[in-house]
Amino acid sequence: FIDCFDTTSFFIEIFDTPIANQPTNVNICDDNNDGLFMFDFTVDVDAQVLDTQNSSIFSVHYFESQIDADNNTNEIVMPYQNIDNPQEIFVRIENNSFTDCFDTTSFFIEVFDTPTANQPTNIIICDDDNDGLFIFDFTVDVNAQVLGSQDPSTFGIHYFEYQADADNFVNEITMPYQNISNPQEIFVLIHNNGNETCFDTTSFFIEIFDTPTITPFTDYQFCDDT
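The present account deals with the structure reproduced in this document. All values reported here derive from a predicted model rather than from experimental measurement.

Conventions adopted
- Residues numbered from 1 in each chain as written.
- Predicted model: local features only at pLDDT ≥ 70, side-chain atom pairs only at ≥ 80, totals over all residues.
- Heavy atoms only, no water.
- Helix = DSSP H or I, 4+ residues; strand = E, 2+ residues; numbered from the N terminus.
- Rg over C-alpha atoms; globule rule 2.2 N^0.38 Å.
- Contact = heavy atoms within 4.5 Å.
- Areas by Shrake-Rupley, 256 points an atom, 1.4 Å probe, with all protein chains shown as cover.
- Buried < 20%, exposed > 50% of the residue type's maximum accessible area, 1.4 Å probe, protein only.
- Pairing = 2+ DSSP bridges.
- Arc of directions from axis to C-beta.
- Salt bridge = Lys/Arg side-chain N within 4 Å of Asp/Glu carboxyl O.

To continue, consider the overall build of the chain. Check the secondary structure of the chain and you find 4 helices and 12 strands. Over its C-alpha trace the chain gives a radius of gyration of 33 Å, far above what one expects of a compact globule, namely 17 Å for 226 residues. Expressed along its principal axes, the backbone C-alpha trace of the chain runs to roughly 165 × 30 × 20 Å. For the chain, the proportion of contacts with a sequence separation of at least 24, taken over those separated by at least 6, is 67%. Accessible area for the chain stands at about 14,400 Å²; split by element, carbon and sulfur atoms hold 52% of it.

Written as structure tokens, this is what we have:
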């Protein structure tokens, strides 16, 4: 009997699914060369993953594995210390109103050793022609002093005429090198070959001294009066 009926209702709602934009890898210069660092991905990575998406609608979360990111479990709490080096970090961006609408991506974090620029000794040279100029090759003796016990396969050494050039890694001196003043300060940069932003600088002086010459004596002959 069709007059015997009841009714109810329900809602359907469609939520936007976010896009996990690819962030750049995070490369860090180690402060004590132990391979560990305290990270806060919310400072730089959040904005890259969101891009133009509204941060009041979507939120970004970080995980140590893809499974955790997919299941939204064991979320990383900031600040976070890496457990491996390099290490892949997994990102989940989700709709705050319906967290089943999500997307994931990942990026790598890597901690690079920061070298120490050990102080080399000044180079004192006797001039071969007393013109105040000399041809130098600092790689022969200075490299080993700047490196000390550090691994030459991990760190590279470069020479510059000015501190600003060393700091900005421009106008590197090529060997062999002829001095432009006397005495002259030379600036040294040592950097991690895997991440050139991890560097240290020092300096030393080169100085050229005239080499004296002896004027030949006139022979003297004497009569012995004894």
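This part covers the pairing of strand 7 (residues 123-126). The two faces of strand 7 differ: I123 and I125 on one face are buried, but I124 and C126 on the other face are not. For strand 7 and strand 12 (residues 195-209), the ladder comprises 4 bridges, and the chain directions are parallel. Bridging across to strand 12, C126 finds its partner in F209.

To continue, consider helix 1 (residues 41-50). For helix 1, the complete set of buried residues consists of F41, V45, D46, V49 and L50. The arc enclosing the buried residues of helix 1, seen along the axis, measures out at 130 degrees, which places them on a common side. For helix 1, the exposed residues set more than 90 degrees away from the buried face come down to V43, D44 and A47. Packing partners of the buried residues in helix 1 comprise strand 1 (26-29), strand 2 (38-39), strand 3 (58-63), strand 4 (80-81), strand 5 (87-95) and strand 6 (98-112).

Here the focus is unusual backbone geometry. Backbone geometry follows two general trends: most residues other than glycine have a negative phi, and most peptide bonds adopt the trans configuration. A cis amide bond links M78 with the next residue in sequence, P79, at an omega value of -5 degrees. Along the chain, P79 falls in the loop between helix 2 (66-71) and strand 4. A cis geometry characterises the amide bond from N85 onward to P86, with omega recorded as -5 degrees. You can see P86 is positioned in the loop between strand 4 and strand 5. With a phi close to 55 degrees, N74 is a non-glycine residue in the positive phi region. You can see N74 is positioned in the loop between helix 2 and strand 4. The exposure class assigned to N74 is exposed, which follows from its relative accessible area of 59%.

Turning to the pattern of salt bridges, a few remarks are in order. Per the stated rule, a full pass over the model turns up 1 salt bridge. Taking the shortest distance from any N to any O, the salt bridge between E94 and R92 comes out at 2.8 Å. This pair shows no difference in class: E94 is buried, exactly as R92 is.

What is shown is where atoms sit, not what they do.
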